[in-house]
Each structure stands twice: as C-alpha cells, then as structure tokens.
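Commentary on secondary and tertiary structure
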Amino acid sequence: MKRFINLLLLTVLMFGWQASEACTSAIVTSGMSSNGQTLLWKHRDSRMANTRVRHITGGKYAYTALVHAKNSKIAYAGVNNKGFGIFNTATGNLPIDREAENTNKVTFATLITLALRECATVDEFEELVKTWERGPRFQTNIGVGDANGGAAYFEIWHNGYKRYNTADRTSGFDIRANYSFAGDKKKRGISQRRYLAAEAQMKKMPVFTPEDLMALSRSYYAVRFKGSVLDITEKYNDNTQRCVPRQSSVAAVVIVCDGKNPRMDVVNGHPAACFPVTAWVEAGANLPKCITGTDMFKLSRDFRIAAYDNEKQGRRRFVWLNQDLTYKVVSATMKSCKKAPKKTPKDFTKYNASVEKRFIKHKARIDKLIQPVLAEKKAAKKR
C-alpha cells in the first residue's frame, strides 16, 4: 500500500523533484520532412502543467503559441504568421556567473515571446540574440525554423551563444534534451537517456511527418531494452525516466514552418492520454476549446495520477508506472489520432466543432480506463 498515496502528496512529489523545464526536442530539415517544410518538435516536461494555446497580436507579427494559462507572455513554443517557429529546452551545463548579482532575471520565455513578435527568419533571430541582454545565470537551448528552410539550435548563456545549423547534420535532424553540446560534457546528466531514445527511433525514419514526431511523445521506447518499457512483464516499472514521456510530461507540439500555412499540432496535456490538434495561425483566436481550455489538462492530470505512483526509499525516490493501464491508454489514444490536415480549413468553426466532438468521445474512452484505477486508489487510501 506504500505506492498508493493521497492525491495532494502525489502531485507535490510528481513535480517537486523534476527539473522545471525538462524537455526533449528535435528539428527536422525541410529536405527530410514529408511536406518540404522545417519541422520543430518539443515534448514538454514541467511542474508548470497548466498551459493553453493562444493567438497573440499587437507586435510586428501575430502568432499562435503554447503559453502559461495565466500569462500569455510566458510562451513555451509557437509559430508566427511568417512561418517562423521557436521552442526551448532547459539546459544545466552551460557557463553561468555565480558571483554576479542576478539583477536581470529575464527568462527563456521572454526571448521566445519577443522572437515570435519580431522575427521572420533564423538569421533575424541570431541578430536578436547578439543584442539581447540576459542575466549572469541565463542558459537555455532554443530551437528555431523558418519558411525559407532555415533551421538551427542556439545554445545561449549569459555572455555568449553557439549556433548549430540542422542542415550540417548528415541525418537531416538534430536533437536536444536538457544539456548543451557547447557545455560541460561531465554535467550532461540523465537526460542523455531521452536524447538517445529519440535518436534511436528517428534514425529508423527515412522521412519525417508531423505524425512521426508526435508519436515520439507517446513512445515508451528505452535504449536499455531496445524496445518499449510497456513490453516488460512487470505490471509496475521504474524505468520511465529513460523514456521521452514521463510522469512530468504536460504537453507536446510539432510546428510546421510553412510561410503560406503556418501551424502547429498541439497536445495540451500528457501525450499518452491526449491526441494532437492542429492550430493554424490564420485561424486567429478561433481555436478548438480542448486546447484553449482546461479539458485536455484535466484528463492529462487524471491519467498521471492513475498511471504513476511515487515511493520514497531512504534518500531515493521511485516513479512506478502502471504498464498495463498505460498500454491500454496509449492504444486508445492512437485510435483517436488522425493525420494532420494538409490544407487550411475553409470554415474554422466547423473544424473546431468536429475536433471537440472527437475529443468528447476520446475523453469518455480514456475515463473508462482510468476512473476505476482512481477509485481503487481512493479506496486504498481509506483502508
């Protein structure tokens, strides 16, 4: 019964020991994508789970982004009406100046928001980075792409940066987890497991579709097992930190850097339990309710509580995964997924209604799987 702890404690443990922005990401060149445009993928892990998709105007360019629920200036990923897309991953091995007073506390979100408003190309973003003032403890990896086929990672720290053009990679793609290539190799940490898991799967793909990249966000593949941890015989398993989707997974996006049809596929919740929805910049604020409201967020929260359990043994914390339940949930989610539309809908209101109808059916299907488990946990707590 040690595994079955109350909801409040579970929530605290679930995010308290995870890195704040422990994400996994990739950039695919236009030459390697199925639609001829640069693709950007970000799988988001965070204790800041409550996000929304918003359309923002008022700057040089309008944009659609995954933002903090209570503050649209905190953007985690997005694309503007010029087809310029951007995201970040946290990093912990770039230089910082611990001796200096950290008076300038700008964050990666400040840079992302400014770039979406002001930049149309990767080169313009580099010019912004050159002149943008950041504090002595600033460090992040930024992935960007544009409608001209530009694609690059920028590893940025308080007084420098390094640009890595994705076109220079013979594979046609590049990956970042929570460390930087320009940083200290000894401080890369356990996020290397997620980097390797994504890389192993991407190497098998001859060409990339948005669906291929989004599938990485619900794949429990681990390099150690050369397969999915869901295939291991034990009902509960503590190897989920080796996988891209984890207990702290809260969203995923695939950005299509198309100048004529900029868009992003969004899961505003845990990708194992929620299907992606396409959000077009052209749609403005007329976006599906399930990604602008709380529906996906709440379903995702319930799934995490049902599928994962925390246990503390001495100084170590374990995160146990209910493999049988997760396998069933992922299978149900895959049935709800559809190929992303290639053309912009003529009627966004009609499109939104069809998405909402599909989500209601999906939620009922997932609730049927997870609610009995939640009830069992609640009963175990009372015993």
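Structure report, in brief. Keep in mind that this is a model prediction, so the values were computed, not measured.

1. Digging into the packing of aromatic side chains
The geometry of an aromatic ring pair is captured by the separation of the ring centres together with the interplanar angle, meaning the angle of the planes. Across all of its chains, the model carries 15 aromatic pairs by this definition. With a centroid separation of 5.1 Å and an interplanar angle of 75°, the aromatic rings of Phe-125 and Phe-154 are classed as edge-to-face. Of the two residues, Phe-125 is situated in helix α3 (residues 122-131) and Phe-154 in strand β8 (residues 151-157); the sequence distance between them amounts to 29 residues. Across this residue pair, the class does not change: Phe-125 and Phe-154 are buried. The ring centre of Tyr-153 lies 4.6 Å from the NZ or CZ of Arg-176, which sits over that ring. Just above the ring of Tyr-164 sits the side chain of Arg-176; from NZ or CZ to the centre is 4.9 Å.

2. Describing helix α4 (residues 192-202)
The α-helix advances 3.6 residues per turn, and as a result positions three or four apart in sequence lie on the same side. Listing the buried residues of α4 in full gives Arg-194, Tyr-195, Ala-197, Ala-198, Glu-199, Gln-201 and Met-202. Check the buried side of α4 and you find it contacts β1 (24-28), β2 (39-45), β10 (173-176), α5 (210-216) and β11 (221-222).

3. Quick notes on unusual backbone geometry
In most cases, non-glycine residues show a negative phi, while peptide bonds are predominantly trans. In this structure, Lys-226 takes a positive phi of about 55° despite not being glycine. Within the secondary structure, Lys-226 sits in the loop between β11 and β12 (227-228).

4. Overview of the sheet that holds β8
Taken in spatial order, the 7 strands make up an open sheet running β3-β4-β5-β6-β7-β8-β9, and their pairing is antiparallel. If you trace the sheet from one side to the other, it starts and ends with β3 (51-56) and β9 (160-165), each paired once. Between one strand axis and the next, the sheet turns by 30° as a mean value, whatever way the strands run. As paired strands, strand β5 (residues 71-80) and strand β6 (residues 85-90) are joined by 3 bridges and run antiparallel to one another. Residue Val-79 lies in a different strand from β6, and its bridge partner there is Gly-85. Running at roughly 5° to β8, α3 makes contact with β6, β7 (139-145), β8 and β9 of the sheet.

Reading the values: the criteria
- Residues numbered from 1 in each chain as written.
- Predicted model: local features only at pLDDT ≥ 70, side-chain atom pairs only at ≥ 80, totals over all residues.
- Heavy atoms only, no water.
- Phe/Tyr/Trp six-rings, centres within 6.5 Å; stacked < 30°, edge-to-face > 60°.
- Helix = DSSP H or I, 4+ residues; strand = E, 2+ residues; numbered from the N terminus.
- Buried < 20%, exposed > 50% of the residue type's maximum accessible area, 1.4 Å probe, protein only.
- Lys NZ or Arg CZ within 6 Å of the ring centre and 35° of its normal.
- Contact = heavy atoms within 4.5 Å.
- Pairing = 2+ DSSP bridges.
- Axes fitted to C-alpha atoms, helices over the stretch in contact; angles between N-to-C directions.

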